[in-house]
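# Per-entry structural report
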Amino acid sequence: MQVQTFDFIIVGGGTAGCVLANRLSENPGVSVLLVEAGGSDYHPILRIPLLAGAAYTLKSTNWNYVSEEEPYLGGRRIMWPRGKVLGGTSSINGMMHIRGNPGDFDRWESEGASGWSYKNVLPYFLKSEGSIDRRGPHHNANGPFKVARARSANPLYTNFLDACDALGYQFNEDLNGSFQDGVGRQDFNVYRGRRVSSATAYLHPISKRSNLRVVKNTHVARIIFDGSNAIGIECFHKKKPGLLKKYFSSTEIILSAGTVNSPQILQLSGLGNVDHLNKLGIPIIENLPGIGENLQDHLGAYVQVECTKDISLYRLFRKDRLFLTLVKAFLFRSGPGTSVPLEAGGFIKSSQENELPDFQITFCPGLSLETTLKGQGQHGYLVHYYLARPKSRGTIKIVNVDPRNHPAIRPNSLEHPEDMDLMKSGLKIARRILSQDSFDNVRGREISPGDMIINEDSLENWIRSNATTVWHPTSTCRMGTDKLSVVDKNLLVYGVNKLRVVDASIMPSITTGNTAAPTIMIAEKASDIIKDTYVL
């Protein structure tokens, strides 16, 4: 059998992997293999912005993860969608373009990520961004990752912004500008009526490069080591799980499989907590107890109110109207089907004494994802609020040596008591926003939590029964310098050679906001680090 060797092997064709494939293959003398567990991203549901909710639950492009029972969320098992498709979760997410707070990246540097302060990462946010509307020192019009301002004319967005203004929350024209605090109309990765993902922005335009090979529907079982050197991967096609295939790398292997799969692959390969791996009978390559630890995620809840006027999303869900909306979006790239119905929101504090915002809030002129999947059912609107930087920490751990089995996902949401205190504060803030005079002409009954949920105990019980992930998991292979760090400032895995991790798992701590744009920034910066290392 012929041995297939590449200069670089990238494991994971997701949000980060597509960026790396593009940047590293810019040099025609460098051979790159991109290995993706999922398939192509051509499903029509993935293209139309209004169908983002359906994209989250499309089983064919999803890992379909479910958490273990959550002890602080009433023992519930929480759905954890992650993209299993070219573009990864950027192909199934809500397309909201949020960089994070400048203070997040300065915090990273203080946590041991030297060279990752805001002034260091801003050039890579700019390099990736192709802003359609915004100009100035905080934006770039020429990058591949297209970004557009919210365009929907639904009047309920104005009701929301007026309510925030009445409560003293400042209007922020640009949530990715010089400061993040405040509320305004948001930016989305939507261009000419279509979703912009890492695959559409970085991978599809270079599909004809002869030095780039993309292998789809192929699961990586483990990384092959020669001593402490990572030299290849062992993998299998989804249709032939019993037939293992090997690819080798002459330079290095880059793991970009995401916050769940990167620690899973490392553990299967013999890197992780010695006690855990010994129990499973996995030969030890390197004792790195931080692999799979430090899991962080945004936890949120909905405050939903009945709308007394025929102006919410529900009016689109009559079968004939929905059909026409989708036809207009597919054929003419226009109409309400080409926007994501989360176009107003921002970042607010529980107390003005706090340095950074405590919550991200989004307003939707309709009801929750769960009700959307059922056709909405009635007119309504909501405020979705979520913790910006939760203090609870979880884990990702393999349960056996079979790479086909999902790892155990234990987010431990609300384990830290301060997170519950903030969730209750956020609920009260959301209610105050929706009780302002600007909503008087459209407000019906409160659907959830409901008028009976008032005292502290009932608020806490409702939150434990209803709060859920916002699907922004990070930090399971975190960058830093302490004993639980997994990668150094150049994203090289400690204790071994020729192995790097480049995805959201390396974040020392979660960012304030959606995580797609920061993950693309990480991949852009990592690409330059790699090019500088090998003088490419």
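Residues numbered from 1 in each chain as written. Predicted model: local features only at pLDDT ≥ 70, side-chain atom pairs only at ≥ 80, totals over all residues. Heavy atoms only, no water.

A separate point is the pairing of strand β18 (residues 344-348). Counting buried residues in β18 gives 5 out of 5 residues, a clear majority hidden from the surface. Both β18 and strand β19 (residues 359-364) contribute to a ladder of 5 bridges, which runs antiparallel. Residue pairing for β19: Ala344 is matched across the bridge by Phe363. (Buried < 20%, exposed > 50% of the residue type's maximum accessible area, 1.4 Å probe, protein only. Helix = DSSP H or I, 4+ residues; strand = E, 2+ residues; numbered from the N terminus. Pairing = 2+ DSSP bridges.)

With that out of the way, let us pick up the environment of Ser262. Residue placement: Ser262 occurs in helix α7 (residues 258-268). The spacing of Ser262 and Val501 is 239 residues in sequence and 7.6 Å in space, taken between C-alpha atoms. Sequence-distant contacts of Ser262, that is, excluding residues within four places in its chain, are made with Leu255, Ser256, Ala257, Cys477, Val501, Asp503 and Ser505. A polar atom in the side chain of Ser262 sits 3.1 Å from the backbone nitrogen of Ala257. (Contact = heavy atoms within 4.5 Å. Polar contact = N/O pair within 3.5 Å; in protein donor to acceptor, adjacent residues only side chain to side chain.)

If you trace the backbone, Ala301 turns up in strand β17 (residues 299-307). On the accessibility criterion, Ala301 (2% relative accessible area) is buried. Beyond its immediate sequence surroundings of up to four residues, Ala301 is in contact with Val383, His384, Tyr385, Met423, Trp462 and Ala467.

What follows is about the pattern of salt bridges. The tally for this structure, following the rule as stated, stands at 28 salt bridges. Lys127 serves as the salt-bridge partner of Glu524, at 3.9 Å between the closest nitrogen and oxygen. On the criterion of sequence distance, the pair formed by Glu524 in helix α13 (residues 516-534) and Lys127 in helix α4 (residues 118-128) is long-range, its members being 397 residues apart. Its relative accessible area of 0% is what places Glu524 among the buried residues. Among the ionic pairs, Asp187 bridges to Arg134, the shortest N-O distance being 2.9 Å. Of this pair, Asp187 sits in strand β8 (residues 187-188) while Arg134 sits in the loop between β5 (129-131) and β6 (145-149), and the two are 53 residues apart along the sequence. On the accessibility criterion, Asp187 (6% relative accessible area) is buried. Salt bridges here are not isolated pairs; linked through shared partners, they connect Arg23, Glu26, Lys127, Glu524, Asp528 and Lys531. (Salt bridge = Lys/Arg side-chain N within 4 Å of Asp/Glu carboxyl O.)

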